[in-house]
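If you want the building blocks of each chain, they are given just below.
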Amino acid sequence: MRALFRIAAALVVLLGLGLGAGLALHWPVAAPALSTRPAAGEAQAPADASGDFATQLTRLEAAVDAQRRADQRQSGAFAENLRTAAMRLSMSGPLAPLTQRTLIALGQRPALQKTLFWLMPLVGWMSEPFLYPLPADADPAARLQALIDARAAVGIRVTLDNVGDASHSAAKAAAYRDFYRRLILAADGGGMPPPLSVSLKLSALVDDLPAALGAAGTTKRAEILNALRALLGPSADGAPAAVFIRVDMEEYAYKDLTLALFRELIETAPELAMDATGQSRIGVVIQAYLRDSARDLASLATWGEARGVRIPVRLVKGAYADDEKTLARNQHRPSPVWDFKASTDASYLMLADYLLRHPERFDTRFATHNMSTQARVMALAAARGYRPEQIEFQMLYGMGEPIKQALVTLGYQVREYVPAGSLARGLGYAGRRFAELTNPDNALARTLQGDYSALTETPEFVSEQDRAAAEAARAALMATGPKGARTGTTYALLIGVCVPWASPAAAVCEQNVALMAATLTETLGLDEQHLRTLVGSAARYQGVVDAFAWLRASVTPADRVIFYYNGHGVLSGDDNGDEADGLDEILCLWSAHPPFSRQAALWTQTWMSDDRLAALLRALPTQYQILIMDTCHGEAAIHGFDLGGAPTHYDQGQAALLAAARADQLALTDVSGRHGLFTQMLATALKERPATLRAAFDQAAAATWAESRRLCQTRAADNAGQPPCIEQRPTLTDPRRLTETPW
């Protein structure tokens, strides 16, 4: 007996030594020296209105560093280090698959939980950071209310998710639905603050979700719709339930089904799906790693516009890339996901920009833990005129706490997805989080240790296949635009500047502005307080910048902006590589004397480049912009500018450009010499009150070309030996068909 005791003691000692050595080996090392750059709120913090990616990333990194410094001063570091070491040990080498299988088995087999009862407290302790456990026999409302209050105290909102995977029986699906019903009843009864925000999976809402696919799935689809209607249904007092439901996107096989059910629910039960203010009480998720997500967004935009629905969208990158690629390969079909991570990142930003350009159609939330992506969204939003508090980032509970706090400090909304429920249901989910946070190559894990090198990757469509698919995606997004009557206000900024040291006389440009102002006032009923004109010496560089500041402070996303420029335009060497012809279009704003050179005029902010004009226009909150350029080379007036990644071409996504002349042509005055030829013809067409601006342009363009041809023939006859003038051909660039909407 004594010998057996000694052997057992030796085994315990050896096990303890092995465990201790393993924990020591995987103990978190001290974080590298933190940046000494000031955090948000400290001196020298860059302004949050910047549309520059590098500036926004610097601000975000500084704020995260400040939060990590604060965290290091708090107590409890030893316990967290011990937990991290235990997770790393469990996910190291051959232990990783064993840990995953054990967690899944524990979650699915109650008998195994009883057998390994001694292991459950350890598993629960390790899962605690990213799983909010709820006893099966307890009312969840009180515990969840405590969580909601605690997170609200640090500026973070909460969305609740019944943790777990698909329901494999009707009983489990019923229990899944009952979890949400109890929460909704608690919110309706005052036990939780309305409106309650929850997310759910269709594969758990009902059992056997594959049965809903195909023509034979009518019964199962009806079951799903009935389950959603029941959750949205009226409370005891007859009022709609105080809840917002986000339907999560799962495997690609269910994507079209999920979107179709979302649309059908709103079409068949608008009294349940929409609240009293007309906002949707149910939302969807779009996965950026799917090649056809752009097409899905475009389709949703068209559907939503036809029904007057503003669609709540949560933009994510996607969590099943490897599985989708493997399944597609096994089924001998093309993969639905992008080939490379950089392509997925580029897709996310392309979709984010589209969503930000359509606030009238989408209510968007940005879900990502990647600081680089967050900073790029911040830059895109700032460039579009959004304030930080108008942007919401979403992250998972227990993942990237310093980043969340940094975003809150910078003024952004932050929402946490909280997987709540029994420990057993959440063990598979916990295992996935173990793997992410213990992977040394994981960008989030590296970021939380102060290693920002993973943030330097450039989002771009990498392979030839990805680039071809990206072009198709852009085409799908560009094809959508507002088709119906607008409900907003029209604002107009009209600029006329004929410099005193060149022809024509200053009065010509002033008369053009007066003619256009009178035409817009007469045909659109434009209010004087929504109209601003700059002529002569008022049309200096700073005057134009100040006028755009007025527009930015005045317009809303529902409004329309008309920008008119009449004056000299010249071409100059491209200074940032975004022009296919290597030339920038320059607007020759007012100056008393001719500048030393075109470049000098730009450097001294006397003249304005098309890149600078594009930045001013893009900063406006509205995506409905009409540009009328009666100037030489007008077609080239708006090209690309850089947000910190690949150049994005403004004229391919936001504005309609009506140009008096092609990029290689000059613009003429009319026969009287009092007005620009194109301005005169466009004003004449508009006064006939056409149904659309496109109709007015077509008429004006034809008249301009015919008159310029006649003038050229006349001048050639009158001036023998002089080079013939160029026949003026106005051009229209309108990828979103803004000019086809009711004028």
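No experiment lies behind these values; they were computed from the predicted model shown.

### Considerations on the overall build of the chain
The helix and strand tally for the chain stands at 26 helices and 20 strands. Split into buried and exposed, the 743 residues of the chain put 52% on the buried side. A fraction of 75% describes how many contacts in the chain between residues 6 or more apart in sequence connect residues 24 or more apart. Accessible surface for the chain amounts to roughly 31800 Å². Of this, 58% is attributable to carbon and sulfur atoms.

### Observations concerning the environment of Met 395
Among the secondary structure elements, Met 395 is positioned in strand E8 (residues 392-396). Overall, the relative accessible area of 1% leaves Met 395 in the buried class. C-alpha of Met 395 to C-alpha of Glu 416: the two residues are 21 residues apart in sequence and 5.1 Å apart in space. Leaving out residues up to four positions away in the same chain, Met 395 has contacts with Thr 368, His 369, Gln 374, Gly 400, Ile 403, Lys 404, Leu 407, Arg 415, Glu 416 and Tyr 417.

### Looking at the environment of Val 555
By the secondary structure assignment, Val 555 is in the loop between helix H22 (541-554) and strand E12 (560-567). Classification of Val 555 by relative accessible area gives buried; the value is 6%. Taking the C-alpha atoms as reference points, Val 555 and Leu 620, 65 residues apart in sequence, are found 7.5 Å from one another. Those residues in contact with Val 555 that sit more than four places away from it in its chain are Tyr 491, Val 561, Pro 621 and Thr 622.

### Focus on unusual backbone geometry
The backbone phi angle of Asp 208 is positive, close to 55°, even though this residue is not glycine. Position of Asp 208 among the secondary structure elements: in the loop between helix H9 (202-205) and helix H10 (218-232). The phi torsion at His 332 lies on the positive side, around 55°, for a residue other than glycine. Mapped onto the fold, His 332 is located in the loop between helix H14 (321-330) and helix H15 (341-357). According to the relative accessible area criterion, His 332 is exposed, its value standing at 74%.

### A few points about the state of the cysteines
One pass over the full model with this rule turns up one disulfide. Between the sulfur atoms of Cys 498 and its disulfide partner Cys 509 the distance amounts to 1.7 Å. With the S-S bond torsion at 70°, the cross-link from Cys 498 to Cys 509 turns out right-handed. Here Cys 498 is found in the loop between strand E10 (490-497) and helix H21 (506-524), whereas its partner Cys 509 is found in helix H21, with 11 residues between them in sequence. Given the relative accessible area of 4%, Cys 498 is considered buried. Relative accessible area serves as the criterion here: at 2%, Cys 509 is assigned to the buried category. Of all cysteine sulfurs in the structure, the one in Cys 632 sits closest to Cys 588, which takes part in no disulfide; the separation is 9.0 Å.

### Some details on the packing of helix H11 (residues 255-268) against helix H13 (residues 293-307)
Interhelical geometry of H11 versus H13 gives an angle of 5° and a closest axis separation of 12 Å. When the interaxial angle is binned, H11 and H13 end up roughly parallel. In this structure, H11 contributes Lys 255, Asp 256, Leu 259, Phe 262, Arg 263, Ile 266 and Glu 267 to the contact, and H13 contributes Arg 295, Asp 296, Ser 299, Leu 300, Trp 303 and Arg 307. Among the residues making up the contact of H11 with H13, the classes are represented as five nonpolar, one polar and seven charged.

### Side note on the confidence of the model for the chain
Summarising the model, the chain shows a mean pLDDT of 79, and 74% of its residues fall at 70 or more. Here residues 4-48 is a poorly scored stretch, pLDDT under 50, and it has 57 contacts once near neighbours within four places are set aside; other chains count.

### Some remarks on the pairing of E12
Across the eight residues of E12, eight count as buried, placing the element largely inside the fold. Residue alternation in E12 divides its side chains into two sets, Arg 560, Ile 562, Tyr 564 and Asn 566 and Val 561, Phe 563, Tyr 565 and Gly 567, and both sets are buried. Of the pairings in the sheet, the one linking E10 to E12 comprises eight bridges and is parallel in character. Looking across to E12, one finds that Leu 494 is bridged to Tyr 564. By the bridge criterion, seven bridges tie E12 to strand E16 (residues 624-630) in an arrangement that is parallel. Each bridged residue has a counterpart across the sheet, and for Tyr 565 the counterpart in E16 is Met 629.

### Let's talk about the pattern of salt bridges
Applying the stated criterion across every chain, the model contains 30 salt bridges. Of the charged contacts, one joins Asp 248 and Lys 201 as a salt bridge, the two residues approaching to 3.9 Å between their closest N and O atoms. Taken as a pair, Asp 248 in the loop between strand E4 (243-247) and H11 and Lys 201 in the loop between strand E3 (196-200) and H9 lie far apart in primary sequence, 47 residues in all. The class of Asp 248 is buried, set by a relative accessible area of 10%. The exposure class assigned to Lys 201 is buried, which follows from its relative accessible area of 17%. Beyond isolated ion pairs, a larger network of salt bridges with shared partners links Arg 157, Asp 363, Arg 365, Glu 392 and Arg 415.

### Some remarks on the pairing of strand E7 (residues 362-367)
By the criterion of burial, E7 is predominantly enclosed, with six of the six residues buried. Neither face of E7 is exposed, since Phe 362, Thr 364 and Phe 366 on one face and Asp 363, Arg 365 and Ala 367 on the opposite face are all buried. For strand E6 (residues 311-316) and E7, the ladder comprises five bridges, and the chain directions are parallel. Residue pairing in the sheet places Leu 315 in a bridge with Phe 366 of E7. As paired elements, E7 and E8 share two bridges and run parallel to each other.

### Brief notes about H13
Here H13 contains 15 residues, and its C-alpha end-to-end distance of 21 Å stays within 8% of the 21 Å for a straight helix at 1.5 Å per residue. Every buried residue belonging to H13 is among Ser 293, Ala 294, Asp 296, Leu 297, Ala 298, Leu 300, Ala 301, Trp 303 and Gly 304, and all of these are buried. Close packing links the buried residues of H13 with H11, strand E5 (282-287), E6, H15, E7 and helix H20 (464-478). Trailing H13 by a residue or two, Gly 308 shows a phi angle of about 70°, which is positive.

### Details of the packing of H15 against helix H16 (residues 371-383)
Contact pair H15 / H16: the axes reach a minimum separation of 10 Å and the direction vectors enclose 30°. On the basis of the axis angle, H15 is roughly parallel to H16. The two elements H15 and H16 cross, and the hand of that crossing is right-handed. In this structure, H15 uses Tyr 348, Leu 349, Ala 352, Asp 353 and Leu 356 to contact H16, whose residues at the interface are Thr 373, Arg 376, Val 377, Leu 380 and Ala 381. A class-by-class count of the residues in the contact of H15 with H16 yields seven nonpolar, one polar and two charged.

### So, the sheet that holds E16
Two pairing modes exist for strands in a sheet, parallel and antiparallel, and in both the strands are linked by backbone hydrogen bonds. Pairing in this open sheet of six strands is mixed, and the strands run E11-E10-E12-E16-E19-E20 from one edge to the other. The open sheet has two edge strands, strand E11 (531-535) and strand E20 (731-733), and neither has a second partner. On average, each strand axis in the sheet is inclined to that of its neighbour by 10°, with strand direction left out of account. Inspection of the sheet shows E10 paired to E11 by five bridges, in the parallel sense. Within E11, the residue paired with Ile 495 across the bridge is Leu 534.

Thresholds applied
Residues numbered from 1 in each chain as written. Predicted model: local features only at pLDDT ≥ 70, side-chain atom pairs only at ≥ 80, totals over all residues. Heavy atoms only, no water. Helix = DSSP H or I, 4+ residues; strand = E, 2+ residues; numbered from the N terminus. Buried < 20%, exposed > 50% of the residue type's maximum accessible area, 1.4 Å probe, protein only. Contact = heavy atoms within 4.5 Å. Areas by Shrake-Rupley, 256 points an atom, 1.4 Å probe, with all protein chains shown as cover. Disulfide = S-S within 2.5 Å. Axes fitted to C-alpha atoms, helices over the stretch in contact; angles between N-to-C directions. Parallel < 35°, antiparallel > 145°, perpendicular 65-115°, else oblique. Nonpolar A, V, L, I, M, F, W, Y, C, P; charged D, E, K, R; others polar. pLDDT = per-residue confidence, 0-100. Pairing = 2+ DSSP bridges. Salt bridge = Lys/Arg side-chain N within 4 Å of Asp/Glu carboxyl O. Expected span 1.5 Å × (residues − 1). Left-handed = near helix turned anticlockwise from the far one by under 90°.

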